[in-house]
Protein chains: 2
Amino acid sequence: MRQISRSRCRENLKSLRDVDAWCKAHGLRGTEGQRVVAKIVLDSRDYPDLDELRRRIATVSPRISLATVYRTLRLLIGLGLIERHTFQERPACYASALDKRQGHLIDTASGRVIEFQSDEIERLEGEIASLLGYRLTGHKLELYGEPIRAPALHRSQVRAPRSSRSR
Amino acid sequence: MRQISRSRCRENLKSLRDVDAWCKAHGLRGTEGQRVVAKIVLDSRDYPDLDELRRRIATVSPRISLATVYRTLRLLIGLGLIERHTFQERPACYASALDKRQGHLIDTASGRVIEFQSDEIERLEGEIASLLGYRLTGHKLELYGEPIRAPALHRSQVRAPRSSRSR
DNA sequence: GTAACTGCAAAGAATTTGCAGTCGC
DNA sequence: GCGACTGCAAATTCTTTGCAGTTAC
């Protein structure tokens, strides 16, 4: 299993030229609205939901409307640039599909999403599908869990106790 | 990998006494509405969506209202008796959680859902979670695929060809 | 100029809730 | 009688759409 290093995981679109070209190639205009929405989603590493996306978008172009956000997201999904995720019990969120990994582990305490890749599981999936008489066209693997070492581990909790030494 | 035999997969509640008792034990009344909704969902093997559920419920007790269906489903989910699934691109559907299997293969052609169990994958999931520092509390595995041999394979298509023998 | 894009407000779909009445124990 | 359950209609939430105006090429 490989965890995806967060630092180098998204191929941070060199400017937006890639997306722009990509859009154009697909009949999109690549207007400001589209570029801003695309850049924000593609550059986000944390699976923001719609509210959070709008907040981030607003810091760049406050005039982009809700409808435009939804419409652009739909376009980008159609192009296969981004994906919409609906993890258990939380609002839909969006993330780049460019560096698509097979699996997501959702930290039920913090909401954090960790991507991972297991070729082993991927192999088994294909095997299962074919045993059942199917050709695999898609898959979704979500793990839900809580951190093993104490909840959350805030910085303030890390301080060593007064007299006894924490092991 | 084990496919779940559809014929013996649900332990078809011997009458509704089980559920009834179970409900009572959890502070539910076990009124007609609750019993009917519970029985219908628990006995269904095909992941019916809300409309379909209401249709089936109506054949038994036509007066059960939409609100009651939703409320009862929520109660049953809370008790861990049933599960709500939201497979890609389709309306939410409900199924028993009593014979919970880890995996679902969704036939994108027919909409059919096939349950399976892979201890191998389950083991890997636990391994991955713990490598990432998490204790697994839940998981979801969905495979999407299309049938390999022609669509659907209806009974009428199974007939042997006129002159050559089908292997 | 045309077709794609946009904002706004209204429409829709799915689900929940407030309320007053009903039912089981 | 009390609290859980119910139907109904209204409310919420999330997302899409109609329309008229704007923009890019």
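Description of the structure in this document.

Thresholds, definitions, all that
- Residues numbered from 1 in each chain as written.
- Chains lettered and ligands numbered in written order.
- Predicted model: local features only at pLDDT ≥ 70, side-chain atom pairs only at ≥ 80, totals over all residues.
- Heavy atoms only, no water.
- Helix = DSSP H or I, 4+ residues; strand = E, 2+ residues; numbered from the N terminus.
- Buried < 20%, exposed > 50% of the residue type's maximum accessible area, 1.4 Å probe, protein only.
- Lys, Arg positive; Asp, Glu negative; His and termini not counted.
- Salt bridge = Lys/Arg side-chain N within 4 Å of Asp/Glu carboxyl O.
- Polar contact = N/O pair within 3.5 Å; in protein donor to acceptor, adjacent residues only side chain to side chain.
- Contact = heavy atoms within 4.5 Å.
- Least-squares fit on C-alpha atoms with pLDDT ≥ 70 in both.
- Axes fitted to C-alpha atoms, helices over the stretch in contact; angles between N-to-C directions.
- Parallel < 35°, antiparallel > 145°, perpendicular 65-115°, else oblique.
- Left-handed = near helix turned anticlockwise from the far one by under 90°.
- Core = buried A, V, L, I, M, F, W, Y, C linked by side-chain atoms within 4.5 Å.
- Near = heavy atom within 4 Å.
- Buried area = accessible area lost by both parts, 1.4 Å probe.
- Nonpolar A, V, L, I, M, F, W, Y, C, P; charged D, E, K, R; others polar.
- Pairing = 2+ DSSP bridges.

**A few points about the side chain of Glu142(A)**
Locating Glu142(A) in the fold gives a position in strand β6 (residues 134-147). Although Glu142(A) lies buried, it forms no salt bridge, and the closest oppositely charged side chain, Lys140(A), sits 4.0 Å away as judged by the N-O distance. There is a polar contact of 2.5 Å between the side chain of Glu142(A) and the side chain of Tyr144(A). Excluding residues that lie within four positions of it along the chain, Glu142(A) makes contacts with Phe87(A), His104(A), Ile106(A), Gly138(B), His139(B) and Lys140(B).

**A few points about the relation of the copies chain A and chain B**
Once turned by 179° and shifted 0.1 Å along the axis, chain A lies on chain B with an RMSD of 0.1 Å. Both copies of the chain, as the preceding transformation shows, are related through a two-fold rotation axis. Considering only C-alpha atoms, the residue of chain A closest to the rotation axis is Leu141(A), which sits at 2.3 Å. Counting the interface residues of chain A, we find that 100% of their copies in chain B are interface residues as well, pointing to one common contact surface.

**Thoughts on the packing of helix α2 (residues 32-43) of chain A against helix α3 (residues 50-60) of chain A**
In a pair of packed helices, the angle between the axes and the distance between the axes together describe the arrangement. All names here are of chain A. Where α2 meets α3, the axes come as close as 10 Å, and the angle between the chain directions of the two elements is 125°. Taken together, the axes of α2 and α3 lie oblique to each other. Here α2 runs over α3; the crossing is right-handed. Where α2 approaches α3, its residues Val-36, Val-37, Ile-40 and Val-41 are matched on the opposing element by Leu-53, Arg-56, Ile-57 and Val-60.

**Regarding the pattern of salt bridges**
Summed over the entire model, instances satisfying the criterion amount to 14 salt bridges over all chains. Among the ionic pairs, Arg135(B) bridges to Glu146(A), the shortest N-O distance being 2.5 Å. One end of the pair, Arg135(B), is in strand β6 (residues 134-147); the other, Glu146(A), is in strand β6, on a second chain. When the shortest N-O distance is used, the salt bridge between Arg123(B) and Glu120(B) registers 3.3 Å. Taken together, the residues span about one helical turn, with Arg123(B) and Glu120(B) both in helix α5 (residues 119-131) at a distance of 3 residues. Judged by relative accessible area, which is 44%, Arg123(B) ranks as partly exposed. Here Glu120(B) falls in the partly exposed class, since its relative accessible area comes to 34%. Members of the salt-bridge network, linked through shared partners, are Asp46(A), Glu52(A), Arg55(A) and Arg56(A).

**Considering the nonpolar core**
Leu105(A), Phe116(A), Leu132(A), Leu105(B), Phe116(B) and Leu132(B) are the most contacted members of the largest nonpolar core, which totals 22 residues. Of all the secondary structure elements, the ones that give two or more residues to this core are β5 (113-117), α5 (119-131) and β6 of chain A together with β5 (113-117), α5 and β6 of chain B.

**Some details on the protein's contact with DNA strand C**
Around DNA strand C lies a shell of 19 residues, among which Arg63(A), Ser65(A), Thr68(A), Tyr70(B) and Arg84(B) are the nearest. A share of 62% is what sugar and phosphate atoms reach among the atoms of DNA strand C within 4 Å of the protein. Here a phosphate oxygen of DNA strand C sits 2.8 Å away from a polar atom, N or O, in the main chain of Arg29(A). For DNA strand C, a phosphate oxygen lies 2.6 Å from a polar atom in the side chain of Ser65(A). Listed by contribution, the elements that provide at least two residues to the surface near DNA strand C are α2 and α4 (66-78) of chain A together with α4 (66-79) of chain B. Looking at which element gives the most residues to the surface near DNA strand C, the answer is α4(B), with 5 residues.

**A closer look at the protein's contact with DNA strand D**
Residues in contact with DNA strand D amount to 20 residues; listed here are only the nearest, Arg84(A), Arg29(B), Arg63(B), Ser65(B) and Thr68(B). Counting only the atoms of DNA strand D that lie within 4 Å of the protein, the sugar and phosphate share comes to 62%. A distance of 2.7 Å separates a phosphate oxygen of DNA strand D from a polar side-chain atom of Tyr70(A). Contact distances for DNA strand D include 2.4 Å between a phosphate oxygen and a backbone N or O atom of Arg63(B). Those elements giving two or more residues to the surface near DNA strand D turn out to be α4 of chain A together with α2 (32-43) and α4 of chain B.

**Some words on the interface of chain A and chain B**
If you look at the interface, chain A gives 35 residues, while chain B gives 35 residues. Each partner contributes to the roughly 3200 Å² buried at the junction of chain A and chain B, and carbon and sulfur atoms together form 68% of this total. The largest per-residue losses of area from chain A upon contact with chain B belong to Leu132(A), Tyr134(A) and Lys140(A), which jointly make up 22% of the total buried on that side. Applying the counting criterion to the chain A and chain B interface returns 2 salt bridges. Contributions of two or more residues to the side of chain A that touches chain B are made by β4 (103-107), β5, α5 and β6 of chain A. A total of 14 residues in the side of chain A that touches chain B trace back to one element, the largest contributor, which is β6(A). For the side of chain A that touches chain B, the per-class residue count stands at 17 nonpolar, 10 polar and 8 charged. One ladder, built from 13 bridges, connects β6(A) with β6(B); its direction is antiparallel. Directly across from Gly138(A), in β6(B), lies its bridge partner Tyr144(B).

**A few points about the pairing of β6(A)**
Direction of pairing for β4(A) relative to β6(A): parallel, over a ladder of 5 bridges. Bridging from a neighbouring strand, Leu105(A) pairs with Leu143(A) of β6(A).

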